[in-house]
Amino acid sequence: MRSNSPSLSSSGTPTPIIGAAFGILLVLSPILLGARGYLILMSLAGLVIVVGGVIAVAFMSFAAIEVRSALSAIVKFSRQTPAKIDDLSHDVENIVKWSSQIRNKGMRRFEADIATERIGDPVVRYGLNMVLSEYGPDDIRSMINTVADACYEREIRPVEILEAMTSHAPAFGMVGTLIGMVAMLSNLTDNISGIGASLAVAFLSTLYGVLSARMIYMPAATRLRQDVDRRRSRHNFLAEGMAMLAGKKSPMYIQDRLNGFLRPEVQDYFGARSASPPIRLKVVHA
Amino acid sequence: MRSNSPSLSSSGTPTPIIGAAFGILLVLSPILLGARGYLILMSLAGLVIVVGGVIAVAFMSFAAIEVRSALSAIVKFSRQTPAKIDDLSHDVENIVKWSSQIRNKGMRRFEADIATERIGDPVVRYGLNMVLSEYGPDDIRSMINTVADACYEREIRPVEILEAMTSHAPAFGMVGTLIGMVAMLSNLTDNISGIGASLAVAFLSTLYGVLSARMIYMPAATRLRQDVDRRRSRHNFLAEGMAMLAGKKSPMYIQDRLNGFLRPEVQDYFGARSASPPIRLKVVHA
Amino acid sequence: MRSNSPSLSSSGTPTPIIGAAFGILLVLSPILLGARGYLILMSLAGLVIVVGGVIAVAFMSFAAIEVRSALSAIVKFSRQTPAKIDDLSHDVENIVKWSSQIRNKGMRRFEADIATERIGDPVVRYGLNMVLSEYGPDDIRSMINTVADACYEREIRPVEILEAMTSHAPAFGMVGTLIGMVAMLSNLTDNISGIGASLAVAFLSTLYGVLSARMIYMPAATRLRQDVDRRRSRHNFLAEGMAMLAGKKSPMYIQDRLNGFLRPEVQDYFGARSASPPIRLKVVHA
Amino acid sequence: MRSNSPSLSSSGTPTPIIGAAFGILLVLSPILLGARGYLILMSLAGLVIVVGGVIAVAFMSFAAIEVRSALSAIVKFSRQTPAKIDDLSHDVENIVKWSSQIRNKGMRRFEADIATERIGDPVVRYGLNMVLSEYGPDDIRSMINTVADACYEREIRPVEILEAMTSHAPAFGMVGTLIGMVAMLSNLTDNISGIGASLAVAFLSTLYGVLSARMIYMPAATRLRQDVDRRRSRHNFLAEGMAMLAGKKSPMYIQDRLNGFLRPEVQDYFGARSASPPIRLKVVHA
Amino acid sequence: MRSNSPSLSSSGTPTPIIGAAFGILLVLSPILLGARGYLILMSLAGLVIVVGGVIAVAFMSFAAIEVRSALSAIVKFSRQTPAKIDDLSHDVENIVKWSSQIRNKGMRRFEADIATERIGDPVVRYGLNMVLSEYGPDDIRSMINTVADACYEREIRPVEILEAMTSHAPAFGMVGTLIGMVAMLSNLTDNISGIGASLAVAFLSTLYGVLSARMIYMPAATRLRQDVDRRRSRHNFLAEGMAMLAGKKSPMYIQDRLNGFLRPEVQDYFGARSASPPIRLKVVHA
């Protein structure tokens, strides 16, 4: 629904690219600041330890398919600007519309109507299916919440993997630095510029570890968690709405009830009453 | 309501300005302590890494509009002294007044009366609207709590951003220091005062990171969280009050019930009974 | 109640004074260990950064009146030994006594009796007031719990401030050390004893930060939290007791019910039954 | 059930072996990087401190039998690739089948039938036993949940032990490094290459501590926690299913209800309704 | 009950003594590794700072009587191997026995019988007392749970103290090291072996801090927490059992219900049904 709203709400600035450019600049800055050329080659060992260690531990701790989905989230987010879409107004409209169809035409006619619509969202489809099977509101609510919980548990795993990677990256940065220092110290001589160069290479591992944690794994984890949480709230909202459909509540009641989930910009409960004549004199509770 | 109470309770001392002055003093102190002049220029790189890194990661992790609202909270708080306003006595008065209006004149007359008042607060207006639509107390309570939860989830996001910034700032301070040390070590010579100056510049990044976390991001996060929590408790309180309005409870019952939310200084339940004759001989529960 | 029991249970040892003496000894120990005299003067800067920074951030983050109450808790606790008083037996006695007065003489006579007693505790007074207004047990319980929650939220704030100070102090110690090192490094010479003295001064800041966190802010936070938690459990206990008063439960039932909150030393439910003839053959539930 | 699915979902790559090879490579890398040969011998002390310390503290903190089960989890996981098996479709099938057997033939015939099946899973057997004893649904649910909780508390202990080990390993790495540095410093001479070698050995302890925490204890803890959580969700699912068996719900209702626990790939609620004629016109609630 | 099972399950190895030997070996290892003899004497200051600081802060933060009970737990645990005893089968037997006595002979005869038994456990005695007073199941459950909560709050305090000590010990280790370094740096000369010796002594404080935290305070905290948690689950179990006694449930129902709390090795619900003829054809719910 409204797949164009992200670009709308963030005015098209490709932040992730700017961020990545900033990160690469930081990684390369020692060379720009005059560090000797062969640092780039030498620091490859550090890069291998940090990136390899983080990915190896991830595959040792979690199922391969889940690690791959966490890694693909990193790739996906690097092409998108984070956007704030938790607009449920389209869902509110649909549920209110369905509720008046059920009230006016009955459940069987509604079933025929809905069969012609192409409903893509699996949870909405499952919910409608259960409503058409005429389960009670409490059954419907707990069925959809079961689906929502199972869905959340599956989707939160890649977030956990990315958060584990955020904690592993600086640790492997430290591992790289320690290895570099042990190698340097075990051959310690008076050659001060040799010592300096070795230490510089050793410290690069820590730099890679901290930077990859802060600029790759942590932003991806934060954004994926927001996505997953947003989907979960929407599922809880759908559970509430479908339960009211099953309870054959009046469209007006459903509208009032679901409005609370909307953002103030979208809600129209503010001036509505004072502007229009009091149309809702008394709600007859179904 | 009572917009003058902040200045009242904090006796007008512009603490944030004193704090900022203290912070700038700390940042400049190395120069005051005799460090060479060009440190100021050189440390610009550190400042760019710390401030730029924190802001870049924020824009990579959260929607642009939310990051901007977090940054504007920093600016806003720098001009205000933190104040302790959780005074709900005005709301208690209003709800008790409305409850006696509903009891005495009926719901429709109350609707006409309330239409003439200008109620600015959207949650109060939404709640009254739902009371006038004659929903039951439990519906009202859960409707307002839904609005309160949705509102809280929106408002807590900038707090989360500021807390993420608090954790990013020292990390980027360390990044700056590592870059400085790598640059210095890769050109290590015997020139001891050159080494000293380079290390000094490198350490300034860590200083900027720790100071900006502790004196900018963390105070802003703490204050914004207090604001958001305070607003949430008021919403929960309003849900309770509006539910009692809808339940047509007696004004006295509502007063007694809501008094518990007030601060002792404001509550008048202490001497009240002994001073006055026992007017509440028996509460007839509505 | 029983204001003399703290001194009783802790056998009069003025631990805080011993602790403070230990702390001052640690701070002065470098000088005792032979460090040069002017260290004391020079380290003033570190002290100002650590103490000043912690207090400035506190005033930037929290309302002035709350910070002052947190600071006054430090002063208060420095004069007292921590004591373990969570003895509710006096409250149990009172509630049982009142319950038999209500049973024997009726609510109105009890009201006259209680008016002659001087009840200092505001929550007890509020609870009795609500019992006399003849609210139901559930109303009473939730009213007193509302007061208890509001009270807890007010009282826990200084604990949060002291805990924030505990985390700020070592950070500002690090700030002081960084400033000292930057100043020293930017004027690095071959004068080894000069370097040593500068570094010594710089490290003193970290020492002040860690010591003030561990010996001032953290003990105060821990003790204040215990006090606040203790007061909260007593309020929850009072809510339970007052609800039973309002429910006109038998004094024996109330005694049995509230005994569970007492400490084993005070409870007399152990030998009671076997020692005395079975007086409670059958409880008639009110 | 479907014991071949792990190898299916992870395409047979023996990740743990690759991971272990990577770890050993890292540990040996200082020697590969040219560190002197006797480092290997000398660093034995560090290895003893890190491994011995972690295991000694584990045996001091937890029962021997539980520590052994934690250690055996490490061994077990090193031979397996982590797999994602939370497929409950087999359980759903069984419960639906049993429910229609109970409906069609009655409880006593079902008891005879089930006695011939060999049910290996103790919780399923216990649940069926309680269903055959004709306890009510709420009793059944809380009985199985009691078993699930008791089971979880037993099984989570080795996870806690592995997590404690993860935190102990770097601490004992630091202990080894401190001991090495104290030994070196107390015999400090001008022999710079001697100092270097001693420091290199000292730093190896920290390297062992960090690497063993990140590549041994933490992955084992993460995987064991996933196993235990998975088993717990299955038990909660069984409690729900058995309660519906005891409540004599219709097989269709049970199917719809339990489908929510399945993964979308397995669920067939998506196209089912539109493909087939509306067979579930009206559910008669048992 | 079954006081001999600890030695049974841990096969008599006195792990704490081995652990302590390992710890002392680590502390002395610098000397064994050849550090100069007077290190032992000099490092006394570090020991005083670490041990004294931790204990001083404990007495400043908690009541003296509670700190003493935390310290005595350390002493107690140093003489015992941790054991895994959460066997409730004896309690299950007793409750089932009492339930059939109540069913067969009536409450008054049961009271006479039970008076002759010597019941040592205060919570069991309190629970039976309340059952004999013929309170309802819900009253009994909440009374015993109140006792269990009050008991838990008292017993968890020493755990909190030991956990605070675990966090204080490394901090005071750092304090000792900082004091040693300040003393050394303020008298910095070219005497390299003097510097080494001073630094060695300074680092010993950190070593003491980390080792005492990991090998003394943390194991004691972990074991005490296990004890307290175990006692709490048993109390919750007793609350459930006593409530069923008061509800006059059948012994068979009580057995089935409480079996879920037992460990699989002890439970006999597995083969029971299939082995024996179906004796429980239909449970008549009391």
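See the structure above.
Residues numbered from 1 in each chain as written. Chains lettered and ligands numbered in written order. Predicted model: local features only at pLDDT ≥ 70, side-chain atom pairs only at ≥ 80, totals over all residues. Heavy atoms only, no water.

Chemist: Can you help me understand the packing of helix α4 (residues 44-61) of chain D against helix α9 (residues 137-185) of chain D in this one?
Modeler: Each pair of packed helices can be described by the angle between their axes along with the distance between the axes. Residues and elements named next belong to chain D. The contact between α4 and α9 brings their axes to 8 Å, and the two run at 135 degrees. Viewed along their axes, α4 and α9 adopt a mutual orientation that is oblique. Judged by the twist between their axes, the crossing of α4 over α9 is right-handed. The residues of α9 that touch α4, namely those facing I49, V50, G53, V54, V57 and A58, are M165, H168, A169, F172, G173, V175, G176 and I179. Looking at the contact of α4 with α9 residue by residue, the classes come out as 10 nonpolar, 4 polar and no charged. (Axes fitted to C-alpha atoms, helices over the stretch in contact; angles between N-to-C directions. Helix = DSSP H or I, 4+ residues; strand = E, 2+ residues; numbered from the N terminus. Parallel < 35°, antiparallel > 145°, perpendicular 65-115°, else oblique. Left-handed = near helix turned anticlockwise from the far one by under 90°. Contact = heavy atoms within 4.5 Å. Nonpolar A, V, L, I, M, F, W, Y, C, P; charged D, E, K, R; others polar.)

Chemist: For this particular structure, what's the right way to read the side chain of C:S133?
Modeler: Of note, C:S133 is situated in the loop between α8 (122-132) and α9 (137-185). Engagement of the side chain of C:S133 in a polar contact is seen with the backbone oxygen of C:N129, the distance being 2.9 Å. (Polar contact = N/O pair within 3.5 Å; in protein donor to acceptor, adjacent residues only side chain to side chain.)

Chemist: Is there a simple way to think about the pattern of salt bridges in this case?
Modeler: Note on pairing: side chains with opposite charge can pair once their charged atoms come close. Per the counting criterion, the structure on display carries 70 salt bridges over all chains. With a shortest N-O distance of 2.6 Å, B:K105 and B:D113 are connected by a salt bridge. E:D227 is the partner of E:R230 in a salt bridge, and the nearest nitrogen-oxygen pair spans 3.3 Å. Residue E:R230 and its partner E:D227 are both found in helix α10 (residues 192-246); the two are separated by 3 residues, about one turn of the helix. Each of the salt bridges in this network shares a partner with another, and the network as a whole consists of A:E66, A:R157 and A:E160. (Salt bridge = Lys/Arg side-chain N within 4 Å of Asp/Glu carboxyl O.)

Chemist: Could you clarify how one ought to interpret unusual backbone geometry in this entry?
Modeler: As a rule of thumb, non-glycine residues mostly have phi less than zero, and peptide bonds are mostly trans rather than cis. Even without being glycine, D:E134 reaches a positive phi, approximately 60 degrees. In the Ramachandran plot, E:K248 falls in the positive-phi region, its phi being about 55 degrees despite a non-glycine side chain. Locating E:K248 in the fold gives a position in the loop between α10 and α11 (251-259).

Chemist: Explain the packing of aromatic side chains here, please?
Modeler: To describe a pair of aromatic rings, you give the distance between the ring centres and the angle between the ring planes. Scanning the model with the defined rule gives 10 aromatic pairs over all chains in all. Measuring from ring centre to ring centre gives 5.2 Å for A:F237 and A:F261, while their planes differ by 75 degrees; the resulting arrangement is edge-to-face. Linking A:F237 in helix α10 (residues 192-246) with A:F261 in the loop between α11 (251-259) and α12 (272-275), this pair joins segments that are 24 residues apart in sequence. In this structure, B:K249 is placed above the aromatic ring of B:Y253, and the distance from its NZ or CZ to the ring centre is 5.1 Å. (Phe/Tyr/Trp six-rings, centres within 6.5 Å; stacked < 30°, edge-to-face > 60°. Lys NZ or Arg CZ within 6 Å of the ring centre and 35° of its normal.)

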